[in-house]
Amino acid sequence: MATITRTNGTETTGTKTDGTQTPRRSQAVRANLIALPILLVVGLVWVYPFLWTISAAFKTQAGMFTSGASLVPDQLNFDNFVRAWVNAGFSGYFFNTVLYSVASTLIELIKAALCGYVLARYEFPGRTLLYRMIVGTLFIPVASIIVPQFVLIENLGLLNTRAGVILAMSGGAGALYVLLFVGFFSSVPTDLFEAAKLDGAGFLKTFRLILPLAKPVIAVVVIFQFISSWNEFNIPLVFTLGQPDLQNLAVGMLSFQGEHATDWTGFAAGMTISFLPMLMIFLFFQNYFTRGLAGATKG
């Protein structure tokens, strides 16, 4: 017979004394057996384009078109990576992309954390209006502000410079990060802030003491902003028209498109070079990612 246990007023069924499963557990097992193959198929469909791109990066131009959907190249061809890295100038594009992504991520992280800290812990005139305005910017397309950004960067004398690209890339789309930090700092016990105040800690010192507790939120912001900056196309293209050597990997992909033909295997090698760093960043911060999304929405 089945055993029934009560926990906080709820009943859960266990296994029968002869070792057979209860009907409720049997239904769960059957549901898992149905869901698992479906999830495997969906996962394979989702990851297949990435695997095919990596495979195409090692194929010859003819082998790419004759192998069809096969993921196994007939022979490994590393000339595609040499052509992408040297001939297409990906070494310079890669340096620019790393610089733009790291710098813009740090700027977005610092300003979002400070703004979220102030909105969560301080009362001042216009605080509610400012918060609503920040929320409202979530509904404004980022591409729609590229013209005023261009005018501002040009007036600052930073057009066709790396500094101008970094400022433009870190000057928008930060509202989500602010809201994440507002949610986190609102959930921090007030006793911690009171203790820091009693010890004589000022605004910046208290901020530095509390910020390490926000590691999950920091991980989420770093992942989102780094990937967004790494894949950015419009700003590096528009703001470096006079200096093509300052462009990033996303814009550098145009190097494989000729007037009459496209180097598809070189393009695949360039794509592989481009998305592998993003994958490593995500794997490095994945332990904090889910906790950050869950914890930042509290409060």
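A quick note: this is a predicted structure, and the numbers were derived from the prediction, not measured.

**Q** Please set out unusual backbone geometry residue by residue, giving values where relevant.
**A** Its identity as a non-glycine residue notwithstanding, N160 has a phi of 60°, on the positive side. In this fold, N160 is placed in the loop between helix 6 (146-155) and helix 7 (162-169).

**Q** Provide a residue-level description of the environment of S229, including the pertinent values.
**A** Position of S229 among the secondary structure elements: in helix 11 (residues 215-231). Setting aside its immediate chain neighbours within four residues, S229 contacts S101, S104, M169 and N248.

**Q** So what's going on with the nonpolar core? Residues and values would help.
**A** In terms of nonpolar packing, the biggest core is built from 28 residues, with F181, F185, V217 and V221 touching the most fellow members. Those elements giving two or more residues to this core turn out to be helix 4 (90-121), helix 8 (175-187), helix 10 (203-210) and helix 11. A total of 8 residues in this core trace back to one element, the largest contributor, which is helix 8.

**Q** Help me get a handle on the packing of aromatic side chains, residues and values and all.
**A** Considering all chains together, one arrives at 21 aromatic pairs under this definition. Each ring, one from F150 and one from F239, has its centre 5.6 Å from the other, and the planes form 65°; the classification is edge-to-face. Of this pair, F150 sits in helix 6 while F239 sits in the loop between helix 12 (234-238) and helix 13 (249-252), placing them 89 residues apart in sequence. A residue is classified by how much of its surface remains accessible, and F150, at 25% relative accessible area, is partly exposed. On the basis of relative accessibility, which here comes to 1%, the residue F239 falls in the buried class. Judged by centre distance (5.3 Å) and plane angle (70°), the rings of F184 and F185 are edge-to-face. Neither F184 nor F185 differs from the other in exposure class; each is buried. Clustering of aromatic rings is evident, with ring pairs tying together Y117, Y122, F181, F184, F185, F193, F203 and F207.

**Q** I'd love a proper account of the environment of L209, names of residues and values included.
**A** By secondary structure assignment, the location of L209 is in helix 10. Among the residues examined, L209 registers a relative accessible area of 49% and is labelled partly exposed. Linking L209 and F193, residues 16 residues apart in sequence, is a C-alpha distance of 9.4 Å.

**Q** Describe the pattern of salt bridges, with residues and values.
**A** What the rule picks out here adds up to 2 salt bridges. Taking the shortest distance from any N to any O, the salt bridge between R83 and D263 comes out at 2.6 Å. Of this pair, R83 sits in helix 3 (residues 79-87) while D263 sits in the loop between helix 13 and helix 14 (264-296), and the two are 180 residues apart along the sequence. The shortest N-O distance in the salt bridge between E108 and K111 comes to 3.7 Å. With a gap of 3 residues between them, E108 and K111 both fall in helix 4, about one helical turn apart.

**Q** Describe the confidence of the model for the protein chain, with residues and values.
**A** With 87% of its residues at a pLDDT of at least 70, the protein chain reaches an overall mean of 82. Every residue in residues 1-5 scores below 50 in pLDDT, and together they form 15 contacts with partners more than four places removed in sequence or on other chains. Considering only residues more than four positions removed or in separate chains, one finds that residues 9-14, a stretch of pLDDT under 50, has 14 contacts.

**Q** Outline the packing of helix 5 (residues 127-136) against helix 8, listing residues and values.
**A** One way to put it is that helix 5 packs onto helix 8 with a least axis distance of 8 Å and a crossing angle of 130°. As far as their axial angle goes, helix 8 and helix 5 are oblique. Crossing hand, helix 5 versus helix 8: left-handed. In this structure, helix 5 contributes Y131, I134 and V135 to the contact, and helix 8 contributes A175, V178, L179 and V182.

What counts as what
Residues numbered from 1 in each chain as written. Predicted model: local features only at pLDDT ≥ 70, side-chain atom pairs only at ≥ 80, totals over all residues. Heavy atoms only, no water. Helix = DSSP H or I, 4+ residues; strand = E, 2+ residues; numbered from the N terminus. Contact = heavy atoms within 4.5 Å. Core = buried A, V, L, I, M, F, W, Y, C linked by side-chain atoms within 4.5 Å. Buried < 20%, exposed > 50% of the residue type's maximum accessible area, 1.4 Å probe, protein only. Phe/Tyr/Trp six-rings, centres within 6.5 Å; stacked < 30°, edge-to-face > 60°. Salt bridge = Lys/Arg side-chain N within 4 Å of Asp/Glu carboxyl O. pLDDT = per-residue confidence, 0-100. Axes fitted to C-alpha atoms, helices over the stretch in contact; angles between N-to-C directions. Parallel < 35°, antiparallel > 145°, perpendicular 65-115°, else oblique. Left-handed = near helix turned anticlockwise from the far one by under 90°.

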